[in-house]
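# Topology and contacts: notes
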Amino acid sequence: MRQIVLDTETTGLDPASGDRVIEVAAIEIFNFMPTGATYHQLVDPERDIPEEATRVHGMTAEMLRGKPLFRDIAGGMLDFLGDSEIIAHNAPFDFGFLDAELVRAGFPKLDRTRMVDSLAVAKRRYPGLPNSLDALCRRLGVDNSMRTAHNALLDVKLLAEVYLELMGGKQPGFELAARPARPLPMGALVVAPVIRTPRPIVVSEAELAAHAEFVAKKLKDPLWSTLAAPAGLA
């Protein structure tokens, strides 16, 4: 099962009043395990960014001038999203902004049946408690010490960890079959997995002799002494 965890940053709160997307970040999850495939783009909003929005995410119009326009990244973003479920915290907010940008760029809106709102999931699990991303990180033991301002790439990494904990924790080694290779679109980053070298325990002749002596002195008629040793180990 492939899912995408997504977050956006914007110039404000209402796309209908002209607010625009300035950052999109997404992480791929397969069978409740992050695959390392990450999509991230900063976007020139073609307008000013109010000071109150800059206080939230730290970005100004000057910082984004010359970045790609949304219409230039829309195709690559949609390729990365594919037809997977899209998980976002307060997902209607992100979907509303992406829909407005997609329509402006000549693309269809996202299918709302693909939307998974992690905020709604958290509210069902922790009714009456604060369920912001920061509150959930503290409650679920996810380290958010680096989160000094809203940043889509950092936030989506934290949200992926939070969502996996909400769903019962990620399942290392749970995949029963290898995934087919899938080409990644422009803008996708792949983090190579850590490969650990097996270190088998080798027992010396002296240790084997000491063990045999211990068994002879301390145990009376041990069961395994009556069994034939496997071929090659006698």
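Look a little higher up for the structure.
So, here is what we can say about the structure in this document. Remember, it's a predicted structure, so these values are computed and weren't measured experimentally.

Moving on to the pairing of strand E2 (residues 21–30). Across the 10 residues that make up E2, a large majority, 10, are buried. Here strand E1 (residues 2–10) runs beside E2; their pairing, made up of 9 bridges, is antiparallel. Bridging across to E2, Gln3 finds its partner in Ile29. The pairing of E2 with strand E3 (residues 33–42) spans 7 bridges and is classified as antiparallel. Within the sheet, the bridge partner assigned to Phe30 lies in E3 and is Met33.

Turning our eyes to something else, we now look at the packing of aromatic side chains. Across all of its chains, the model carries 2 aromatic pairs by this definition. With a centroid separation of 5.0 Å and an interplanar angle of 50°, the aromatic rings of Phe93 and Phe97 are classed as tilted. Here Phe93 pairs with Phe97, and both are found in helix H4 (residues 91–104), just 4 residues apart, close to one helical turn. A cation over an aromatic ring shows up here: Arg2 above the ring of Phe80, its NZ or CZ 5.7 Å from the ring centre.

In this structure, Asn31 is a non-glycine residue whose phi angle is positive, near 55°. The class of Asn31 is partly exposed, set by a relative accessible area of 21%. At Glu46, a residue that is not glycine, the phi angle is positive and equals roughly 60°. Structurally, Glu46 can be placed in the loop between E3 and helix H1 (51–57). Judged by its relative accessible area of 46%, Glu46 is partly exposed.

In terms of nonpolar packing, the biggest core is built from 24 residues, with Val5, Val162 and Leu166 touching the most fellow members. When residues of this core are traced back to their parent elements, those giving at least two are E2, helix H5 (118–125), helix H6 (133–140) and helix H7 (152–166). Broken down by element, this core gets its largest block of residues, 10 residues, from H7. Non-local contacts of Val5, meaning those with residues more than four positions away in its chain, are made with Ala25, Ala26, Ile27, Ile29, Ile87, Val156, Leu159 and Ala160. Membership of the second largest hydrophobic core comes to 22 residues, among which are Ile4, Val24, Leu81 and Ala91.

Scoring rules and cut-offs
- Residues numbered from 1 in each chain as written.
- Predicted model: local features only at pLDDT ≥ 70, side-chain atom pairs only at ≥ 80, totals over all residues.
- Heavy atoms only, no water.
- Buried < 20%, exposed > 50% of the residue type's maximum accessible area, 1.4 Å probe, protein only.
- Helix = DSSP H or I, 4+ residues; strand = E, 2+ residues; numbered from the N terminus.
- Pairing = 2+ DSSP bridges.
- Phe/Tyr/Trp six-rings, centres within 6.5 Å; stacked < 30°, edge-to-face > 60°.
- Lys NZ or Arg CZ within 6 Å of the ring centre and 35° of its normal.
- Core = buried A, V, L, I, M, F, W, Y, C linked by side-chain atoms within 4.5 Å.
- Contact = heavy atoms within 4.5 Å.

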